[in-house]
Amino acid sequence: MDDKVLVTGSRGLVGTEVVKELLERGVIVKATSRQGTEVAGAEATIFNFGKPETFAPALEGVDRVFLLVPAEFVEQGDELVPSFISELEGAGVRRVVCMTGMTAERPGAPMNRIEEAVKDSGISWTLVRPNWFNQNFAPGFYLGSIKAAGGVFLPAADGRVSFVDTRDIGAVVTAALIEDWHNGREYTLTGPEALDHAEACAILSEAAGREIRYVPVSNDDMRGALRQQGMPEVGIEGLVELYGLVRDGSCEVVSDDIATVLDRPPISLAQYAADHAELLR
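Calculation rules
Residues numbered from 1 in each chain as written. Predicted model: local features only at pLDDT ≥ 70, side-chain atom pairs only at ≥ 80, totals over all residues. Heavy atoms only, no water. Salt bridge = Lys/Arg side-chain N within 4 Å of Asp/Glu carboxyl O. Helix = DSSP H or I, 4+ residues; strand = E, 2+ residues; numbered from the N terminus. Buried < 20%, exposed > 50% of the residue type's maximum accessible area, 1.4 Å probe, protein only. Pairing = 2+ DSSP bridges. Axes fitted to C-alpha atoms, helices over the stretch in contact; angles between N-to-C directions. Contact = heavy atoms within 4.5 Å. Right-handed = clockwise from strand over helix to strand, strands pointing away. Core = buried A, V, L, I, M, F, W, Y, C linked by side-chain atoms within 4.5 Å. Expected span 1.5 Å × (residues − 1). Phe/Tyr/Trp six-rings, centres within 6.5 Å; stacked < 30°, edge-to-face > 60°. Disulfide = S-S within 2.5 Å. Left-handed = near helix turned anticlockwise from the far one by under 90°. Nonpolar A, V, L, I, M, F, W, Y, C, P; charged D, E, K, R; others polar.

Caption draft 1: Region of interest: the pattern of salt bridges. Under the definition given, this model contains 22 salt bridges. The salt bridge involving R129 is made with E105; its shortest N-O contact spans 3.7 Å. In this pair, R129 is assigned in strand β6 (residues 124-130) and E105 in the loop between β5 (95-99) and α5 (110-119), connecting sequence segments 24 residues apart. Measuring nitrogen to oxygen at the nearest pair gives 2.2 Å for the salt bridge that ties E278 to R281. Under the relative-accessibility criterion, R281 is labelled partly exposed at 41%.

Caption draft 2: Up close: the sheet that holds strand β2 (residues 28-33). Taken in spatial order, the seven strands line up as β3-β2-β1-β4-β5-β6-β9 in an open sheet, and their pairing is parallel. Sheet topology places β3 (43-46) and β9 (186-189) at the edges, where each strand pairs with a single neighbour. Going from strand to strand, the sheet's axes swing by 20° on average, the running direction of each strand aside. Set on the sheet, helix α7 (residues 166-178) makes contact with β1 (4-7), β4 (64-68), β5, β6 and β9; between it and β5 the angle comes to about 160°.

Caption draft 3: The environment of G159, seen in detail. Within the secondary structure, G159 is located in the loop between β7 (151-154) and β8 (160-161). C-alpha of G159 to C-alpha of R64: the two residues are 95 residues apart in sequence and 37 Å apart in space. Leave out the neighbours within four places in its chain, and G159 touches L195, D196, H197, V246 and R247.

Caption draft 4: Spotlight on the pairing of β6. By the criterion of burial, β6 is predominantly enclosed, with six of the seven residues buried. Examined bridge by bridge, β5 and β6 share five bridges and lie parallel to one another. Paired with C98 across the bridge in β6 is L127. Regarding the hand of the β-α-β motif, the stretch spanning β5, α5 and β6 is right-handed. As judged from the four bridges shared by β6 and β9, these two strands associate in the parallel manner.

Caption draft 5: Structural context of the nonpolar core. Core analysis: the largest hydrophobic core is formed by 32 residues, its most contacted members being W132, F137, Y142, I146, V152, L204 and Y243. Among the secondary structure elements, those contributing two or more residues to this core are α6 (143-149), β7, α8 (197-208), α9 (219-228), α10 (233-247) and α12 (269-275). In terms of residues, this core owes the most to one element, α10, which gives six residues. Apart from residues no more than four positions distant in its own chain, Y142 is found in contact with W132, N136, F137, V152, L154, H197 and Y243. Counting residues in hydrophobic clusters, the runner-up holds 29 residues, among them V5, V27, A42 and V97.

Caption draft 6: Looking closely at α10. With 15 residues, α10 should cover 21 Å at 1.5 Å per step; its first-to-last C-alpha distance of 21 Å lies within 8% of that length. Residues I236, L239, V240, Y243, G244, L245 and V246 constitute the buried set of α10. Those residues of α10 hidden inside the fold are in contact with β7, β8, α8 and α9.

Caption draft 7: Inspection of the packing of aromatic side chains at higher detail. Under the defined criterion, the tally for this structure stands at ten aromatic pairs. Among the aromatic residues, those joined into a ring-pair cluster are F47, F49, F55 and F84.

Caption draft 8: How the structure looks around the state of the cysteines. Counted by the stated rule, this structure contains zero disulfides. Not part of a disulfide, C201 finds its nearest cysteine sulfur in C251, a span of 16 Å. Judged by its relative accessible area of 1%, C201 falls in the buried class. Overall, the relative accessible area of 4% leaves C251 in the buried class.

Caption draft 9: Highlighting helix α1 (residues 15-24). Listed as buried for α1 are G15, E17, V18, V19, E21 and L22. Packing partners of the buried residues in α1 comprise β1, β2, β4 and α7. Phi turns positive one or two residues past the end of α1, at G26, with a value near 80°.

Caption draft 10: Focus on unusual backbone geometry. In this model, A138 is joined to P139 through a cis peptide bond whose omega is 10°. Tracing the sequence through the fold places P139 in the loop between β6 and α6. At T103, a residue that is not glycine, the phi angle is positive and equals roughly 80°.

Caption draft 11: Layout of the packing of α9 against α10. At their nearest, the axes of α9 and α10 sit 10 Å apart, and the two run at 145° to each other. The interaxial crossing formed by α9 with α10 has right-handed handedness. In this structure, α9 contributes N219, M222, R223, L226 and R227 to the contact, and α10 contributes E233, I236, E237, L239, V240, Y243 and R247. A per-class count over the contact of α9 with α10 returns six nonpolar, one polar and five charged.

Honestly, that's just the spatial picture; any functional story needs more than this.
Structure, rendered in structure tokens:
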């Protein structure tokens, strides 16, 4: 394949997997970051959703795009995404794979408005909606409290989540970028089972050889902790909303879309924990 693929969010938990998968398949990759940071094997380019002047240079020579709108810009998606899509059309981009998240299909939700803009673009599209990541535990944003306080402190109550591995997400996104039969499809990406956070932490504990606790907290407790970490209010309230979806059962769905696309079962949380045991210790 001689086409060039632009990967937005190339240094994130999913973006790194997409870049890796594409490079392994011999695809030419243009990897974005706000500073144009080098990514081994890829062409580095500056890109920032908050700076539309970076759109056209990043898209130069690009045929396909992995689109991931950062959480801080999701609420502004109504303005930013149509502007970006206009640049896609002008650059001659032929395919876009857009990642949002589970429940993004809810009418009126910010991520749903992003999806609708992609669908209305006239460009071949695929939508990918993953559940919460295995990698949130490590190396993601739960790892700090696991290391410092021996557990995760979340307003999830006993809600169940079909945690999905970012390696599977990266593989599905890559397939959708380079295989034509994914055009117009919408994939919900989950792991093989739904677990509450106490069950998840028990699995992590066994792999790590030490106790990793789950401690349910209130929304306000989480707000306070995140403010101390310097998270913007829009990000805090976005997380509060997402954990509400966990509590009401919206994240317990188990999908077979990964098996359909990859012709193998999804990676389980137990397998993830075994593979990342050193990080969790």
